[in-house]
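Residues per chain are reported as follows:
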Amino acid sequence: MAQSAHGDWQHTVLGELGGAAERASRPAGADPHSESSAHPESSAHPESSARPESSGAAEREAAQPPPAAPTEPVPPQRASAAAPHRAGPPPTPVSVPVVAPQLAGTEGRTRHGDTLARRAGLVLRRLVTAAAKDTAAATETAQAIQQPITTGRQMAVTSIRGGAGKSTVAALLALTFAHYRTDPVLAVEADPALGTLPRRLGATEVRWSCGDLARIVDPSLQITDVTGYLLPFAGGGWLLPGSQGSVGVQLDVDTYRVVMTSLRRYFGTTLVDCETLPAEVARTALTTTQARVLVSPATVEGVAATRTVLDWLGGLHRSMLPTTVVVLNRTSPDMTLDETAAAGHLEAGGARVLALPYDRHLAAGGEVRTGLLGQATREAAARVAATLMDRAMSRGARTGRAPGPGTPGADGR
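Since we're looking at a predicted model, the values are computed, not measured. (Residues numbered from 1 in each chain as written. Predicted model: local features only at pLDDT ≥ 70, side-chain atom pairs only at ≥ 80, totals over all residues. Heavy atoms only, no water.)

Caption draft 1: How the structure looks around the overall build of the chain. The helix and strand tally for the chain stands at 18 helices and ten strands. Taken across its 413 residues, the chain has 45% of its residues classed as buried. When the accessible area of the chain is evaluated, it comes to approximately 20800 Å², of which 54% is carbon and sulfur surface. (Helix = DSSP H or I, 4+ residues; strand = E, 2+ residues; numbered from the N terminus. Buried < 20%, exposed > 50% of the residue type's maximum accessible area, 1.4 Å probe, protein only. Areas by Shrake-Rupley, 256 points an atom, 1.4 Å probe, with all protein chains shown as cover.)

Caption draft 2: Region of the structure containing the sheet that holds strand β5 (residues 231-233). An order of β5-β6-β3-β7-β2-β8-β9-β10 is seen for the eight strands of this open sheet, with the pairing classed as mixed. One side of each edge strand has no neighbouring strand; the edge strands of this open sheet are β5 and β10 (352-356). Looking at each pair of strands side by side, their axes are set apart by 25° on average, direction ignored. Where strand β8 (residues 291-297) and strand β9 (residues 324-329) come together, six bridges link them in parallel fashion. Within the sheet, the bridge partner assigned to P297 lies in β9 and is N329. Sitting on the sheet, helix α17 (residues 375-392) touches β2 (153-159), β7 (269-274), β8, β9 and β10, and the angle it makes with β10 is about 160°. (Pairing = 2+ DSSP bridges. Axes fitted to C-alpha atoms, helices over the stretch in contact; angles between N-to-C directions. Contact = heavy atoms within 4.5 Å.)

Caption draft 3: Region of interest: helix α14 (residues 300-316). Counted at 1.5 Å a residue, the expected span for α14 with its 17 residues is 24 Å, and the 25 Å between its end C-alpha atoms agrees. Turning to α14, its buried residues number three or more, namely G302, V303, A305, T306, R307, V309, L310 and L313. Lining the buried residues of α14 we find α13 (280-288), β8, β9 and α15 (339-346). (Expected span 1.5 Å × (residues − 1).)

Caption draft 4: Representation of the pairing of β10. Within β10, five of the five residues are buried, leaving the element largely enclosed by the surrounding structure. Inspection of the sheet shows β9 paired to β10 by five bridges, in the parallel sense. When the bridges of β10 are listed, V326 appears paired with V353.

Caption draft 5: The arrangement of the packing of aromatic side chains in detail. Applying the stated criterion across every chain yields a total of one aromatic pair. Ring centres 4.9 Å apart and planes at 90° place the aromatic pair W208 and Y229 in the edge-to-face group. Here the residue W208 occupies a position in the loop between β4 (205-206) and α10 (210-216), and Y229 occupies one in the loop between α11 (223-226) and β5, the gap between them amounting to 21 residues. On the accessibility criterion, W208 (12% relative accessible area) is buried. (Phe/Tyr/Trp six-rings, centres within 6.5 Å; stacked < 30°, edge-to-face > 60°.)

Have a look at this one:
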């Protein structure tokens, strides 16, 4: 694979992150330069401090000046309590339901993304019209998603405000990549406190989180060992939750770096659902992944705020905007934004703008079921995935391979 123009820069950044793994493996509060930290076995048996002294030791002590005040001998149990302990494996967390049992059955009937009349019209169209153009576009999109890679591609999804639909977009992309690609696909929730990615990907319980895995992951682990701490989702992908849904849970940058650098060698494609900006982990994810998605509500206010983020990204490095995709997400059927004008405003500098149409199935919340997505939604998700993979491989600017917002795309299923 040809090296990207910014490959050296990303290699340097990711290389700096590797030191976090060593810090995470050290016991909390331990001083890496202290003797007890360097030789934990010297303090592993605190009862040795209460043993009777040998006669030679007594003679040497007698030859020294007496202490200013007698010291009370420490009982064995007190010495054991005061001595540092060897760090052991973290406790196994208990599974927690994603949705409280009290809310079970309150979702109501799940609707298809397209109305019955629209589905009938789509079937009729396939029967009476030539589909050669649609088939060619679908094939081109699928080839972009399935293009071979030599090292893991990591992509971040974030937004400037809550409610824009970033977790929905992250779930759609994870499901699309898992459907098309044969290498392992990982979805990471880096929005730990109140993230909805596990729910969107169909998880019913959450057990291990990013923080837990950061204390466990080791270079000797095989992928079969790693997946034992993950949750499977439809299509053959894997999910790593950010937390068990507790308010106030924090995901610090060091933990995020350990997880991302350690798991990269196991998964060909990784999607990261970040906190909204300007959270520190989100900013770190945007600048250390190979490509990124900014989800904007299809409103004038959302476009203006996203333009501000793009200006900030463009000031970090010249490669940032050409590897960025903006998704204009219609969360309501009444949104009237002029997408062409918005794209012209946002694409200055090299970013690509794609639209995600309103979908009744997505708007209802809950698990994303690809079989219930509207036809236009599946096609749009495939276009975003194809464009994002091209950008992650630094090919989007050269080939212009992925079709634009108004071009027919691939059927995700």
